[in-house]
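A closer look at the structure
Here is what each chain is made of, one letter per residue.
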Amino acid sequence: MECPPSSVSQIDVVPHVGCFTFDAPVDTAPGTGTLFARAGSGRRVFVRWARCDGEGSPCGAEREYQVLTSIASDAAPEALELLRAHGCCWCVTEAVDGASVVIGDADPQAAEELARHVLHALHVAHQAGWVHGDLKPGNVIAARDGRYVLVDWELATRSGRPAAPGTLGYAPPAAWDNGYRAAAGTDVYALAVIVLEVALGRPLFQGPRDEVLARQESADLVQLGAGLAWARRHRRRAIRCL
């Protein structure tokens, strides 16, 4: 079907963009956000939007679309469309049916499945020159179809470029150094923490920043996971992603 044209006037409340009708009208005044919508076909989709002026560095919505269209993995959302309207960029992706990973009961089998899926997404992203930069349980969705899907790519950075450290307790200590530049090893380290937390059923690093970094400096993640199937079967594959 042919999509109706979107208004380009600067308005704050937007009910739809192109063929995508939002679950509720969007107030664009805050400058960025996420929401669910439906395509003209009825398909449910996820939309990330951000104010953009078309100059300088890409906004988060543009960056997420760039990353997702440059990688092909069942463990990353499918990018559907990038729209520009109402002074904003709108990145439309599949709506992954599931819930974010929660650290609860020890589940080594789930840990292994998570590792297998997310390592594939990281491998293809790193091959394309991208570093996710913010792996944490909240950014991994356990989908109802059995996949583990790595989401929230809007902060991804080109390897070797200056980057934000990520989330305390998942980013390695080196990511907090002045002058840190995005590196694939940061993603692999964060994934190792998540996988071990799922397998053991408890968080590894919590507390004030200085205490967390000190515990991370003294921790040996391979020893922590020595008895896990993930550590035995996937360590070599993880190292190849570095």
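These lines cover the structure that appears in this document, whether it is placed above or below. All values derive from a computational prediction rather than experimental measurement.

The rules behind each value
Residues numbered from 1 in each chain as written. Predicted model: local features only at pLDDT ≥ 70, side-chain atom pairs only at ≥ 80, totals over all residues. Heavy atoms only, no water. Helix = DSSP H or I, 4+ residues; strand = E, 2+ residues; numbered from the N terminus. Buried < 20%, exposed > 50% of the residue type's maximum accessible area, 1.4 Å probe, protein only. Contact = heavy atoms within 4.5 Å. Salt bridge = Lys/Arg side-chain N within 4 Å of Asp/Glu carboxyl O. Pairing = 2+ DSSP bridges. Axes fitted to C-alpha atoms, helices over the stretch in contact; angles between N-to-C directions. Core = buried A, V, L, I, M, F, W, Y, C linked by side-chain atoms within 4.5 Å.

What follows deals with the overall build of the protein chain. Assigned secondary structure in the protein chain consists of six helices and 11 strands. Within the span of the protein chain, comprising 242 residues, buried residues form 47% of the whole. Here the analysis covers contacts within the protein chain between residues at least 6 apart in sequence; of these, 59% occur between residues at least 24 apart.

Attention now goes to the pattern of salt bridges. Evaluated as defined, the whole model comprises 11 salt bridges. A salt bridge links R44 to D23; the shortest N-O distance between them is 3.0 Å. Remark: D23 occurs in strand β2 (residues 20-27) and R44 occurs in strand β4 (residues 44-51); sequence separation between them is 21 residues. Assessed through its relative accessible area of 33%, R44 is described here as partly exposed. R48 is the salt-bridge partner of E154, the closest N and O atoms lying 3.3 Å from each other. Pair noted here: E154 is in the loop between β10 (148-150) and β11 (157-158) and R48 is in strand β4, with a separation of 106 residues, a long-range link.

What follows deals with the sheet that holds β10. Here we have three strands laid out as an open sheet, ordered β7-β9-β10, and antiparallel in their pairing. The strands lining the two open edges of the sheet, one partner per strand, are β7 (98-100) and β10. Within this sheet the neighbouring strands show an average axis-to-axis angle of 30 degrees, counted without direction. As paired elements, strand β9 (residues 140-143) and β10 share three bridges and run antiparallel to each other. Within β10, the residue paired with I141 across the bridge is V149. In the packing of helix α2 (residues 108-127) onto the sheet, the strands contacted are β9 and β10, and the crossing angle to β10 comes to about 40 degrees.

This paragraph deals with the nonpolar core. By size, the foremost hydrophobic cluster in this structure holds 35 residues, and its most contacted members are I71, L114, V118, L135, W153 and L191. Elements represented by at least two residues in this core include exactly α1 (60-70), α2, β10 and α3 (184-200). Each residue touching I71, except ones within four places of it in the same chain, is listed here: A76, V124, A125, A128 and W153. Core analysis: the second largest hydrophobic core is formed by 16 residues, V26, A39, V45 and V47 among them.

The quantities given are spatial measurements derived from coordinates; they are silent on function.
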